[in-house]
Each structure stands twice: as structure tokens, then as C-alpha cells.
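# Analysis of the macromolecular model
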Amino acid sequence: MRITGISTHVVGTPWRNLTYVQVHTDEGITGVGETRMLGHTDALLGYLKEAEANHILGSDPFAVEDLVRRMKYGDYGRAGEIVMSGIAVVEMACWDIKGKALGVPVWQLLGGKVTDKVKAYANGWYTTERTPEAYHKAAQGVMERGYRALKIDPFGTGHFELDHEQSLYAVSLIEAVRDAIGPDAELMLEMHGRFSPSTAVRLARELAPFKPAWLEEPVPPENLKALRKVAEKVDIPVATGERIHDRIEFRELFEDQSVDIIQPDVGHIGGIWETRKLAATAETHYTLVAPHNVGGPVLTAASLQVGFTSPNFKILEHFNDFADAEIKKVVKGAPQVDPEDGCFHLSHAPGLGVELDTDAAAEFPQQQARFDLWAEGWEQRKPKGSGA
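Residues numbered from 1 in each chain as written. Predicted model: local features only at pLDDT ≥ 70, side-chain atom pairs only at ≥ 80, totals over all residues. Heavy atoms only, no water.

### With respect to the UniProt feature "domain: Mandelate racemase/muconate lactonizing enzyme C-terminal" (unreviewed entry) in the protein
The feature "domain: Mandelate racemase/muconate lactonizing enzyme C-terminal" (unreviewed entry), as annotated in UniProt, sits at residues 132–237 in this numbering. Within the segment residues 132–237, helix and strand shares are 47% and 13% respectively, and the terminal C-alpha atoms sit 25 Å apart. (UniProt positions renumbered as here; feature names shortened; annotations may be inferred. Helix = DSSP H or I, 4+ residues; strand = E, 2+ residues; numbered from the N terminus.)

### Things to note about the sheet that holds strand S1 (residues 3–12)
Here we have three strands laid out as an open sheet, ordered S1-S2-S3, and antiparallel in their pairing. With partners counted over all chains shown, the strands left at the sheet margins are S1 and strand S3 (30–37), one partner each. In this sheet, adjacent strand axes meet at a mean angle of 20° when their direction is disregarded. Bridge analysis of S1 against strand S2 (residues 17–25) gives nine bridges, and the strand direction is antiparallel. Among the inter-strand pairings, serine 7 is bridged to a residue of S2, identified as glutamine 22. Contacting S1, S2 and S3, helix H3 (residues 81–102) runs over the sheet at an angle of about 150° to S3. Sitting on the sheet, helix H11 (residues 297–309) touches S2 and S3, and the angle it makes with S3 is about 105°. (Pairing = 2+ DSSP bridges. Axes fitted to C-alpha atoms, helices over the stretch in contact; angles between N-to-C directions. Contact = heavy atoms within 4.5 Å.)

### Concerning helix H5 (residues 132–144)
Its 13 residues give H5 an end-to-end C-alpha distance of 18 Å, which sits within 8% of 18 Å, the value for a rise of 1.5 Å per residue. Listed as buried for H5 are Pro132, Ala134, Tyr135, His136, Ala138, Ala139, Val142 and Met143. Turning to H5, the residues buried within the fold contact strand S4 (117–122), strand S5 (149–152) and helix H6 (164–181). (Expected span 1.5 Å × (residues − 1). Buried < 20%, exposed > 50% of the residue type's maximum accessible area, 1.4 Å probe, protein only.)

### Re the pattern of salt bridges
Applying the stated criterion across every chain yields a total of 26 salt bridges. Note that aspartate 66 is salt-bridged to arginine 69, the shortest N-O span being 2.7 Å. Separated by three residues within a single helix, aspartate 66 and arginine 69 lie in helix H2 (residues 64–73), roughly one turn from each other. Arginine 69 sits in the partly exposed class, given a relative accessible area of 47%. Salt-bridge contacts for glutamate 217 lead to arginine 243; the nearest nitrogen and oxygen are separated by 2.9 Å. Residue glutamate 217 is found in the loop between strand S7 (212–216) and helix H8 (224–231), and its partner arginine 243 is found in the loop between strand S8 (238–240) and helix H9 (251–256); the two are separated by 26 residues along the sequence. (Salt bridge = Lys/Arg side-chain N within 4 Å of Asp/Glu carboxyl O.)

### Let's talk about the pairing of S3
Counting buried residues along S3, seven of its eight residues qualify, which places the element largely inside the surrounding structure. The pairing of S2 with S3 spans eight bridges and is antiparallel. Bridge pairing in S3 links asparagine 17 to methionine 37. The antiparallel pairing of S2 with S3 creates a hairpin that spans four residues between the two strands, and glycine 28 there sits at a positive phi of about 85°.

### Thoughts on the environment of proline 132
The residue proline 132 is located in helix H5 in this model. In this structure the C-alpha to C-alpha distance between proline 132 and leucine 173, which are 41 residues apart in sequence, comes to 4.8 Å. For proline 132, the residues in contact, after removing those within four places along its chain, are Tyr169, Ser172, Leu173 and Ala176.

### Structural notes on helix H1 (residues 41–56)
With 16 residues, H1 extends just 19 Å between its outermost C-alpha atoms, more than 12% less than the 22 Å of an ideal straight helix rising 1.5 Å per residue. Glutamate 50 marks where H1 bends most, by close to 30°. Taken residue by residue, H1 has Thr41, Leu44, Tyr47, Leu48, Ala51, Glu52, His55 and Ile56 as its buried positions. Turning to H1, the residues buried within the fold contact S1, S2, S3, H2 and H3. Positive phi shows up at glycine 58, right after H1, with a value of about 85°. (Bend = angle between axes of the 7 residues up to and from the residue.)

As C-alpha cells, then:
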């Protein structure tokens, strides 16, 4: 079997463009991959056009390791977000092809399942007025859909510092959310790399009574010593990793032991097998894995293949029941959260178990998507000038 070409489809909303890639073969089997780029969608499409000619055409889709190696190192330049995302969409499509050809789900090819279900947590649910009352109501709605966990960034446009008044308001938002979801649900606290170490530590202590399940990206991701300062002073588990695009770059995080949960994005770090390798390394450091997942149904399905096969997999992020929920119709067989237990359940469908509906995808053309964390009202996923 050989790859005869790729086709790309961009599904657009005002705040995110989802890039779907279909990999076609001479035996008529087509696989699909997906990623979400922030402001770099055209750059990704340009890279894929060159990579198709230089690396992908004529390749054996079963030889995933070899294709990833050639795409990563065959152009000599150091692979960053765009290249690793391009590798990811092609790589997961190849796993999809392999599973379909063999008649088995991808998780079976990764060593088999270690669990029948993966817990989900909701994100994108607080696209409402930024008040305790509105957040309380929205959080109740999440629980009513069967979720047992959710994540929130309550810090407005905070950057490095957060003054006393804003801090009190953030606390009031979290207090309202915890009241809405009860004592047993998990509440993930997102900081989006906003703060200085001292601010992050102060806020973590002020929010500790509400039992956050983790403290995510408390400081910008470039300085690991700053992250260590936070980890040494808080009792809340620390999570990070969505903006690291090469599993090798996690080495210092593991050596430093400052992080309890890593959050690689399967669509940015080279795909399913790269993430599974990273999960295995994390296991040797007694570190949990909870992938960043702001993509659509295909990226969710790909992330679940890692989840079903990794003993140290904690939970999976899910946007698609809340922000842009209508895009679920572009994929047949989209993974769904079971309202009975708030989990994704094992699928036995071949490959990734999903199919892209290109006609439905065409109903959501590419947009000038924006997601600016420093703009007022960012949490509503309605960027300025979008008209949304």
C-alpha cells in the first residue's frame, strides 16, 4: 500500500480553525487527521503542500515511524509548532488507515487497552456573562450533561499581576462554580501562563479552599525555574505542556520533577505514537497525562487511543459539547461523553472510528479565527470584529 496524495479541509469558526487532512492510498483506503492552529492555519497548509511532495507521496502508511522521522528531520531545520502539527495530522491519518486495513481500532495496535473508559472534563462552557450568577448557572448545566469535571480560567485579562479587587472577583467566580458542581466533581484551575511566580502562588493559596484538581500553566512556559518556584510553594498538583511541541523537550520537566500532570496536544506534538511514547516516559517519573484537546471529533478520537492504552492517563479535555458544538456534524462517529458516568467509552470501530463528512465540513469555511487571552471578553470566544 502506498500514499497517493493528501487533501485538506479547514472547518472555521470565529475563534478556531480546525484543519482536517485526509491521506489517500492506492488501495482506496483513506485516513483522517486533525489539528487546531492558532493564527497559523495557512502556514500549516503551506507546509503540508511541500511535505506532500518531499516526504508523503509514495510512502507506506503502515511505516508510521519512518514517515515521522523523515518529516521531522528530512528538512534539516528544527521542527516547531507548524512542522510537528503537520506531522501529527498525517501520522494519525496513517494510524487510521492501518486500523481500517487490519479491521481493528488503533488502540489495539498500540498494545491493547488498559481501560474501557476515559474520564472527560468540560471546557468552553463559560461563554457567558462573567458573573458569579452566570457561572453558577453554566456550571450546573455542565453537571446536568453528565460531566464530573470542568475547567475554568477566572482571571479575566490578568497578566503577571492581579490586583486585590480582581483577585477577590476571581475567587467569587470559583466559589460560585464549586457551589454549583458540589464537592465531588473535579475543578481544574487554568492560568494560561498568565502570572509571575509570586502572583500564581498567592492566587493558588487563595483558591485552595475550593479544592482545585490542578493548577495549569501558572507561569509562562518558557522558564522552568519559574515553574519550579510555584511547584515548591503550593500543595495543588501542577499541570503544563500544551505549548511544548517535541516530546524531547519534556526531558527537563521530568528531570526537574516540578510537574505532576503533563498536557501534550496530540495535534501539535507529532501525533498518536509520539504522545504514547511521551506517556511511557512520564510513567517512569510517576507523572500523569491529560492531553490538551481543543480540537474537534477527530483529534478527540486520536487522543482517546492514547488514553485507552496508557496506565497513567488521567482525563481528557472536551470542548465540543459547548463552544462550537455544531461542528460535531462534520464527523461521523464523533466520540460522545456518556452522561451516566462522564466518560468516553471504548470504541471497537476500525481505525480511529470516525469519518470526515466533507460536504458538512464545507458548511464551515475557514475564517480569520482569533483567540486573544489579553482581550476583554476572551472567555466568551467572541473575538473583537468577528461579528459573533
